[in-house]
Amino acid sequence: MNFIKNMAITTRLQWLIWIAVFLILFFSILPVDGFIHAITFTPISFAFYLIVIYGNISFLFPRFYQTGRKVQYVIYVIVLLVTAGMARGYLIMYLYNKTMAKPEPIMIGSMLNFIIAGFLTYLLSFIFRIAIAYFSLKQQSEKILAQKSQAELDLLKSQVQPHFLFNTLNNIYYEAYREAPNTAKLIERLSDIMRYFVDESPKDLVSITTEIQFLENYIALEKIRMRHELDLTFVQDCNADLRIPPMLLMTFVENIFKHGIDKSSSDNKIDLSLIQQDGYLVFQTKNPVYNIAGGAEHNGFGIKNLEKRLNLLYGTAFELWTGTTDNFFTAYLKVPLT
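Here's a quick rundown of the structure. (Residues numbered from 1 in each chain as written. Predicted model: local features only at pLDDT ≥ 70, side-chain atom pairs only at ≥ 80, totals over all residues. Heavy atoms only, no water.)

Before going further, it helps to spend a moment on the pairing of strand 7 (residues 328-336). Within strand 7, eight of the nine residues are buried, leaving the element largely enclosed by the surrounding structure. Relative to strand 7, strand 5 (residues 280-288) runs antiparallel, the two sharing nine bridges. Within the sheet, the bridge partner assigned to Gln-284 lies in strand 7 and is Tyr-332. The pairing of strand 6 (residues 319-325) with strand 7 spans seven bridges and is classified as antiparallel. Opposite Thr-322, over in strand 7, you have Ala-331 as the bridge partner. Counting the residues that bridge the hairpin from strand 6 to strand 7 gives two residues, and of these Asp-326 lies at a positive phi of roughly 50 degrees. (Buried < 20%, exposed > 50% of the residue type's maximum accessible area, 1.4 Å probe, protein only. Helix = DSSP H or I, 4+ residues; strand = E, 2+ residues; numbered from the N terminus. Pairing = 2+ DSSP bridges.)

Here it is, written out as structure tokens:
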């Protein structure tokens, strides 16, 4: 039973059809010629139908017709029908004569009837193929719908815990606001960052203002780790209605705080600029290079992964480069606006 349950719907359907065909053949011969003839001739005709139908839809049609070799396909179909029809006719007539008191000669006309029956079976094979394709497509559609429903359910489940955390952070924010407004503000920024990851990052496009707010929240939280005040300039000159892929600008900023900051220095200067010009968005960062471990390793996996993503998004219609000049590290990105 498990074997049958594990079968594809189209496979089970074909089994049912062929069992029905076998029974129809058997019980159509039984009243006229008896049980012996029915049990003898039914398998022959049954095998003939199998060979013609599956020989066409599983072998000849996909290998020759669908690959453009139509003349070869026609030739091989004719060979299949003539060979299978004559084999069926000769075998039936031979066995029939063996069991009859008065054998009948095998005539060309009789063979021709079996070949014509083969042609009708050949035409039937296309209906059979369409039916299989229909049920296969129906099964795939049902599977996709089931996967979609499961994905939506998983998404709802995955949102429960983050939203619980957001609500908790909001409660902590209101409690902290009474005693330490600055701490409360940082909690709010952390909540906004987490909300960005859950709600915005899965999208294909986000507004430029959302992306900028995400960067500013990240920078504000990173500043907590600094011993001294950070000299940071962020120039913004772009249309607030612009939409870009999420997390496109984050790599440069993250690299600065990973590799371009000396936390013990009081002279950390960072310049960021995000400018819209001539149908492009240009993002550029600049920071000092320090002789500390990891201080110059900007061009690592983050930049390589960004480049791969840009290739998928824009093909070759973007510019990305990094370099060091006069002890300053510069990262430059230019992408087209759609």
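With 14 residues, helix 8 (residues 301-314) extends 20 Å between its outermost C-alpha atoms, agreeing within 8% with the 20 Å of an ideal straight helix rising 1.5 Å per residue. Within helix 8, the full set of buried residues consists of Ile-303, Leu-306, Leu-310 and Tyr-314. For helix 8, the arc enclosing every buried residue in end-on projection is 60 degrees, short of the 170-degree limit, so these residues lie on one face. Exposed residues pointing more than 90 degrees away from the buried face of helix 8 are listed as Phe-301, Lys-308 and Leu-312. Here the buried face of helix 8 lies against helix 7 (250-259), strand 6 and strand 7. (Expected span 1.5 Å × (residues − 1). Arc of directions from axis to C-beta. Contact = heavy atoms within 4.5 Å.)

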